[in-house]
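Results of the structural survey
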Amino acid sequence: MDSFLQLLVNSEEKNIQEDIKRCWNLNTVIEVHNLVKEFNGCKILDNVSFNVDRGEVFGYLGPNGAGKTTTLRILLGLIKPTSGEVFVLGENPLDNSKLRMKIGVLLEDNGLYNSLTAYENLDLYARLYGLANAVERRRRIIELLDFIGLYERRDDKVGYLSRGMKRKLAIARAILHHPEIVFMDEPTSNLDPKTRVLIRDLILELAHEEKTTMFIISHNLNDVEKVCSSVAILVNGRIIARGPIDELKKQIIGRELAEVSLEDVYMKIVR
Amino acid sequence: MSMVCAIINMELKEIIRNKGFLTSLSSVVMFVGLLLFSSIKDLAVIAKPFMLYLPLVIGLTVGYGLSGRLVKEKTQGVIETLLCTPIKVWEIWLAKTLSISIISSLTTIIVSVIIPLLIGSPITNLYILYLMVVVPIFITSALGLLCLIYFYLGMKQIQVANYIVFFALFITLFMVLKVQLSAELTLKTVSMIVALSIIIILLSIYRVRYTDTERIVTTFE
């Protein structure tokens with residue numbers, strides 16, 4: 001009888017543990033375990049592991065050539081890892097069309113059609129993301145063009161838009177289909193301060209209002225500090241530090257938070 | 001298939017509005033104009049042996065010019081962005097190939113009808129059928145193969161491939177001039193062109209279905 005009771009207790013504990021794990025997994029939208037990627041014998045990513053929770057704005061930092069874009073491409077299912085496991089929304093991203101319906105992407109290059117208008121660019125991607133209803137599609141595109149302040153320029157060819165406008169349009173394209181996660185590679189690169197602030201506000205608005213998870217790659221540490229809740233710092237294919245920004249400041253610099261910037265933390269790690 | 005149609009629709013708009021296309025089109029118009037005002041007598045007699053092959057060469061030239069945009073799209077991140085959407089690699093390839101082929105075929109058909117009219121060569125029903133069916137199939141097969149090569153190769157490799165293609169074209173032209181070609185539209189010639197085109201299309205479809213996206217996104221430089 002005792003052993004039966006012990007078994008019952010164990011089983012309940014096991015169930016509780018599994019429930020906790022399941023809840024944790026539901027909250028975790030990006031899981032990367034021991035990721036390794038080699039190109040022609042050269043190790044680009046070396047045992048990279050991290051998680052991103054639902055609704056989090058996560059910064060993925062590192063110097064040029066650290067392996068940030070390679071990680072992004074693996075997360076997007078564009079390239080295969082040499083070893084390790086990657087799950088996005090609990091699924092393997094490789095060749096996964098269903099998963100791609102749930103994610104939005106802003107690459108380093110805008111990838112816009114320059115001879116098409118701003119409206120036509122969004123219309124094409126709306127169709128690709130399965131917004132089949134023409135009225136619904138139009139409503140969403142106009143809503144977004146208004147949101148990014150490009151409604152007045154909707155019929156202008158993209159080639160005639162400024163760099164900042166193109167970037168904002170590419171961001172609009174990334175969030176067109178209400179994705180659960182948005183991956184952004186250098187969202188504020190080469191932009192003037194005013195447009196940078198606009199894009200930063202846009203990211204925060206999305207994270208707060210649409211509860212979208214954001215995975216941001218950036219070299220602009222000032223922007224990252226303002227929008228991200230936690231970061232991972234990658235150096236030579238290895239994650240050297242990760243966690244909430246405030247915790248990293250305390251751990252690495254060990255001084256009062258107000259005196260320390262993310263740049264101080266980053267420079268100390270990268271050096 | 002609706003995704004493929006959406007891309008074709010936008011690609012056609014993009015091509016027509018592009019300055020590169022207008023430049024190609026004006027070159028063709030100039031070529032026709034030169035023929036019109038040419039003082040060469042008996043042009044029809046000189047051109048007759050080439051009439052069968054001229055549409056193929058025009059189609060390939062126009063298509064080759066337009067397909068350069070695919071390399072540009074690859075370097076500008078358009079292809080990579082498309083690969084991040086639910087559309088599959090082979091669907092992107094199909095949409096790109098068909099959009100370039102449609103424009104190239106239409107240009108070829110129009111020019112290939114105008115030229116015989118200008119030089120006084122007769123236009124038979126068989127010639128019209130040849131232009132409407134065989135020429136588009138041939139152009140689609142060649143451009144499909146070219147798009148596949150552009151998907152696969154890096155920029156330097158593409159430059160090398162371009163030299164090889166031009167070298168091969170010159171060799172072919174030399175061979176064509178050397179051997180006495182049949183100027184007549186025979187069932188044998190047409191069947192050979194169609195068979196060759198279908199084989200190329202099937203091989204390209206087979207290859208593109210197994211294309212690794214890693215090849216496409218890591219071969220810009």
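So, about the confidence of the model for chain B. Residue and element names in this part refer to chain B. Summing up the model confidence of chain B, the mean pLDDT is 81 and the portion of residues at 70 or higher is 84%. Ranking the elements of chain B by mean pLDDT puts helix α3 (residues 43-47) last with 63 and helix α5 (residues 78-83) first with 94. Among the scores for the predicted complex, ipTM is 0.85 and pTM is 0.85.

Bringing the interface of chain B and chain A into the picture now. Taken together, the contact between chain B and chain A spans 22 residues of the former and 23 residues of the latter. Only α1 (2-17), α5 and α10 (213-217) of chain B provide two or more residues apiece to the side of chain B that touches chain A. It is α1(B) that provides the largest number of residues to the side of chain B that touches chain A, a total of six residues. Looking at the side of chain B that touches chain A residue by residue, the classes come out as nine nonpolar, seven polar and six charged.

Working note: α-helix, 3.6 residues per turn, so residues spaced by three or four point in the same direction. Residues and elements named next belong to chain A. With 17 residues, helix α7 (residues 193-209) ought to run about 24 Å at 1.5 Å a step, and its terminal C-alpha atoms sit 24 Å apart, in line with that. On the buried face of α7, the contacting elements are β3 (57-61), α6 (163-175), β7 (213-217) and α8 (221-227). Two residues or fewer after α7 comes Lys 211, characterised by a positive phi angle close to 55°.

On to the packing of α6(A) against α7(A). Geometrically, a packed helix pair is captured by the angle between its two axes and the distance between the axes. Residues and elements named next belong to chain A. At a closest axis distance of 10 Å, the pairing of α6 and α7 adopts a crossing angle of 10°. If you check the angle between α6 and α7, you find them roughly parallel. Residues Gly 164, Arg 167, Lys 168, Ile 171 and Ile 175 of α6 touch α7, and the partners they reach there are Thr 195, Ile 199, Leu 202 and Leu 206. Within the contact of α6 with α7, the residues separate by chemical class into five nonpolar, two polar and two charged.

To continue, consider the sheet that holds strand β1 (residues 28-39) of chain A. The strands that make up a sheet are held in pairs by hydrogen bonds between backbone atoms, and each pair lies either parallel or antiparallel. All names here are of chain A. Spatially, β2-β1-β4 is the arrangement adopted by the three strands of the open sheet, whose pairing is antiparallel. Looking at strand neighbours, the two that pair on one side only are β2 (42-53) and β4 (83-88), the edges of this open sheet. Averaged over neighbouring strand pairs, the angle between their axes works out to 15° when direction is ignored. As paired strands, β1 and β2 are joined by eight bridges and run antiparallel to one another. Residue pairing across strands places Lys 37 opposite Leu 45, the latter belonging to β2.

Residue and element names in this part refer to chain A. Viewed as axis vectors pointing N to C, helix α9 (residues 245-253) and helix α10 (residues 262-270) meet at an angle of 50°, and their least axial separation amounts to 10 Å. Taken together, α9 and α10 sit at an angle that is classed as oblique. Between α9 and α10 lies a crossing whose hand is left-handed. Taking contact as the criterion, the partners of Ile 245, Leu 248, Lys 249, Ile 252 and Ile 253 in α9 are, on α10, Leu 262, Asp 264, Val 265, Lys 268 and Ile 269. Residue composition of the contact of α9 with α10, by class: seven nonpolar, no polar and three charged.

Cut-off values and rules
Residues numbered from 1 in each chain as written. Chains lettered and ligands numbered in written order. Predicted model: local features only at pLDDT ≥ 70, side-chain atom pairs only at ≥ 80, totals over all residues. pLDDT = per-residue confidence, 0-100. Helix = DSSP H or I, 4+ residues; strand = E, 2+ residues; numbered from the N terminus. Contact = placed C-beta atoms within 7 Å. Nonpolar A, V, L, I, M, F, W, Y, C, P; charged D, E, K, R; others polar. Expected span 1.5 Å × (residues − 1). Axes fitted to C-alpha atoms, helices over the stretch in contact; angles between N-to-C directions. Parallel < 35°, antiparallel > 145°, perpendicular 65-115°, else oblique. Pairing = 2+ DSSP bridges. Left-handed = near helix turned anticlockwise from the far one by under 90°.

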